[in-house]
Amino acid sequence: VPLAVDNCIEIISRCCSDESLQNLLINAGVVWRLIPFLLSFDGTLEDDFSDEVQRATHNQSAANMHAILAAKALGRLGGYMFDDLATPINERLRTALDRMLTAPLAKLLRNRRPWDLLGALNENVEKPTKIWNVTMRDELIEFATKQDGIRLIGINEEELNPA
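So, here's what we can say about the structure.

Applying the stated criterion to the full structure yields 2 aromatic pairs. Note on Trp32 and Phe143: the rings are 5.6 Å apart at their centroids and 85° apart in plane angle, and the pair reads as edge-to-face. Of this pair, Trp32 sits in helix H3 (residues 30–38) while Phe143 is found in helix H9 (residues 134–150), placing the two residues 111 residues apart along the sequence. A residue is classified by how much of its surface remains accessible, and Trp32, at 4% relative accessible area, is buried. Classification of Phe143 as partly exposed rests on a relative accessible area of 37%. Against the face of Tyr80 rests Arg94, its NZ or CZ located 4.5 Å from the ring centre.

Put into structure tokens, the structure is as follows:
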């Protein structure tokens, strides 16, 4: 199952090249499924991400790969990334991610290698330009899970509109 999840997240990321698919994915609520993956990363794990055998079972190696792929997918959904990973900018999602992750952390979604973002989201960071702690992390997990649970089946375009 973990390899199937890897492939699903990768498909989400690849579909973002088309603006209409990008909007359909956002409106369908994939954001609420991707955010928890970001928050399951363990930066202390020495891992070879190319080892498919390790990622084929439910373990921290698989969770780390899901987090890496989710960061890429969210970066492409919001239009943060550059060069061959560039996609149309989605201001609505960017505003929502700025509020959920904080603007400095959301900007890190533009990085092809998301280690800084994933590390910051899974530890306490208190710098003048970046604040993130366990309480914020827990609140985001609860919020994303709640949003995913109350979402009606189908498309709800108003989900990400700022309050």
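Grouped together as the largest cluster of nonpolar side chains are 40 residues, with contacts concentrated most on Leu34, Ile35, Leu77 and Leu97. Residue contributions to this core peak at 9 residues, all from helix H5 (residues 60–78). Each residue touching Leu97, except ones within four places of it in the same chain, is listed here: Ile35, Leu74, Tyr80, Thr102, Ala106 and Leu109.

About the thresholds
Residues numbered from 1 in each chain as written. Predicted model: local features only at pLDDT ≥ 70, side-chain atom pairs only at ≥ 80, totals over all residues. Heavy atoms only, no water. Phe/Tyr/Trp six-rings, centres within 6.5 Å; stacked < 30°, edge-to-face > 60°. Helix = DSSP H or I, 4+ residues; strand = E, 2+ residues; numbered from the N terminus. Buried < 20%, exposed > 50% of the residue type's maximum accessible area, 1.4 Å probe, protein only. Lys NZ or Arg CZ within 6 Å of the ring centre and 35° of its normal. Core = buried A, V, L, I, M, F, W, Y, C linked by side-chain atoms within 4.5 Å. Contact = heavy atoms within 4.5 Å.

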